[in-house]
Amino acid sequence: QEPMGGGAPGYQIAYGVTIECEGPHGFPVGEMLLMDFSTDHLEGDEELEGGVDGHVPTFLYAFPFDDRKIFLEETHLVARDERAMATSLEMEEMVRRLDMRIDHLGIKVSKRYEEECSVIPMGGPLPILGQPTLAYGAAAVMVHPASGYMINRVIKYAPEVASALARALEETGSPQRASEAAWEAIWPKHRLIERDLYCFGMEVMLGLDVGLLRDFFAAFFQNPKERFWRRFLAWDMTKPGQKPYSMSVFMILMFFRGSWRLRARLVREAMFKDGIHLLKSIFDMPFPFD
């Protein structure tokens, strides 16, 4: 049996650090900043490969603990091929960009600790489902292909997978049947369908410049109270036995909320990347050339 789903993986590159500040850092305590693609801190930066308009874009995460302690992280969402090999994505450059943000924000650092350097594989082919060797977490490719998130899923679904293992062992006494049941609990059909959408999202974002990424996430987060983007990030857009109509609604909303330049790019990506496969997956449509 061949591995299922996804082409070559992309990689998320990030550098983060927890800092103590001499004074208030200025971020709202009790809130988390997601995906700040601002580039004001890069204006006039002669070391920036490609310049402000053509550089490999990175964004800021901010997680305040209190008004003087905060975790800050500079992240490139996903890269592959020549972009993944660019000097712009070396860890030293990620550190430099984050330091420039900190300086631009006027934050005076009194202490640095708990540094984080990460390279996270995203997307890519699934393991061979049903095999005797059971995997979980990153080994089972449970990382969200379009965001890099995973911990929420592995915590949420652990009891479900454990129950499937225990039930199959009790009913059959077969380790192979138990492994198959656990694989089915990790990757039921509705999650595989969702994964096709997230892999398509990853493929789209791989080549977007900073302007298009801003357009994309402005459309994505247009309504902060909307459930669709929350369910997208939580890998929770469909339930067992449901038709993936909410996914279809979300895709339509994203298309019409985007700029004309973004719409054109989405149409191009749908035609030349995984768009046909995504439609087949969502609507269970047969294609003679599959």
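Residues numbered from 1 in each chain as written. Predicted model: local features only at pLDDT ≥ 70, side-chain atom pairs only at ≥ 80, totals over all residues. Heavy atoms only, no water.

Caption draft 1: Focus on the packing of aromatic side chains. Applying the stated rule across the entire model yields 19 aromatic pairs. Arranged with centres 5.0 Å apart and planes meeting at 85°, the rings of F59 and Y61 form a pair that is edge-to-face. Ring centres of F216 and F217 lie 5.2 Å apart, and the angle between their planes is 80°; on these two criteria the pair is classed as edge-to-face. Taking relative accessible area as the criterion, F216 reaches 10% and is therefore assigned buried. Above the ring of Y113, the side-chain terminus of K111 is found at 4.9 Å from the ring centroid. Between the NZ or CZ atom of R227 and the centre of the ring of F228, over which it lies, the distance is 4.6 Å. (Phe/Tyr/Trp six-rings, centres within 6.5 Å; stacked < 30°, edge-to-face > 60°. Buried < 20%, exposed > 50% of the residue type's maximum accessible area, 1.4 Å probe, protein only. Lys NZ or Arg CZ within 6 Å of the ring centre and 35° of its normal.)

Caption draft 2: Just the sheet that holds strand 2 (residues 33–36), in detail. Across the sheet, which stays open at both edges, the five strands sit in the order 2-3-4-1-5 with antiparallel pairing between neighbours. Edge strands, defined here as strands with exactly one partner in the open sheet, are strand 2 and strand 5 (109–122). The average angle at which neighbouring strand axes cross in this sheet is 15°, direction not considered. Sheet analysis places strand 1 (residues 10–21) next to strand 5, joined by eleven bridges and oriented antiparallel. Among the inter-strand pairings, A14 is bridged to a residue of strand 5, identified as S118. Packed onto the sheet, helix 3 (residues 91–104) meets strand 1, strand 2, strand 3 (59–64), strand 4 (69–79) and strand 5 and runs at close to 40° relative to strand 1. (Pairing = 2+ DSSP bridges. Helix = DSSP H or I, 4+ residues; strand = E, 2+ residues; numbered from the N terminus. Axes fitted to C-alpha atoms, helices over the stretch in contact; angles between N-to-C directions. Contact = heavy atoms within 4.5 Å.)

Caption draft 3: Structural detail: the pattern of salt bridges. Within this structure, the stated rule accounts for 14 salt bridges. A salt bridge links E269 to R265; the nearest nitrogen and oxygen atoms lie 2.9 Å apart. Pair noted here: E269 and R265 are both in helix 10 (residues 260–272), with a separation of four residues, about one helical turn. Like R265, E269 is buried. (Salt bridge = Lys/Arg side-chain N within 4 Å of Asp/Glu carboxyl O.)

Caption draft 4: Spotlight on the packing of helix 7 (residues 210–220) against helix 10. Interaxial distance between helix 7 and helix 10 falls to 9 Å at its minimum, and their mutual angle equals 95°. It follows that helix 7 is roughly perpendicular to helix 10 by the angle criterion. Touching G211, L212, D215 and F216 of helix 7 are R261, L262 and R265, all from helix 10. Tallied by class, the residues present in the contact of helix 7 with helix 10 amount to three nonpolar, one polar and three charged. (Parallel < 35°, antiparallel > 145°, perpendicular 65-115°, else oblique. Nonpolar A, V, L, I, M, F, W, Y, C, P; charged D, E, K, R; others polar.)

Caption draft 5: Structural detail: the nonpolar core. Ranked by internal contacts, the top residues of the largest apolar core, which has 51 residues, are M205, F217, F220 and F232. Top element by residues in this core is helix 6 (residues 189–206). It accounts for nine residues. Core analysis: the second largest hydrophobic core is formed by 17 residues, I19, F27, L60 and I102 among them. (Core = buried A, V, L, I, M, F, W, Y, C linked by side-chain atoms within 4.5 Å.)

Caption draft 6: Broad picture of the side chain of T238. Along the chain, the position of T238 falls in the loop between helix 8 (227–233) and helix 9 (245–257). The buried category is assigned to T238, whose relative accessible area is 3%. Here H190 takes part through its backbone oxygen, which lies 3.3 Å from a polar atom of the side chain of T238. A distance of 2.9 Å separates polar atoms of two side chains, one belonging to T238 and the other to E194. (Polar contact = N/O pair within 3.5 Å; in protein donor to acceptor, adjacent residues only side chain to side chain.)

Caption draft 7: Examining the pairing of strand 3 more closely. The element strand 3 is largely enclosed, with a buried count of five among its six residues. Note: strand 2 against strand 3, two bridges, orientation antiparallel. Residue pairing in the sheet places L33 in a bridge with A62 of strand 3. Across six bridges, the pairing between strand 3 and strand 4 is antiparallel. The partner of L60 across the bridge, within strand 4, is E74. Counting the residues that bridge the hairpin from strand 3 to strand 4 gives four residues.

Caption draft 8: Representation of the packing of helix 7 against helix 9 within the structure. Contact pair helix 7 / helix 9: the axes reach a minimum separation of 9 Å and the direction vectors enclose 130°. For the element pair helix 7 / helix 9, the angle class is oblique. In this structure, helix 7 crosses over helix 9, and the sense of that crossing is right-handed. Facing F216, A219 and F220 of helix 7, the residues of helix 9 in contact are F250, M254 and R257. Among the residues forming the contact of helix 7 with helix 9, the class breakdown is five nonpolar, no polar and one charged. (Left-handed = near helix turned anticlockwise from the far one by under 90°.)

Taken by themselves, the reported measurements are silent on function.
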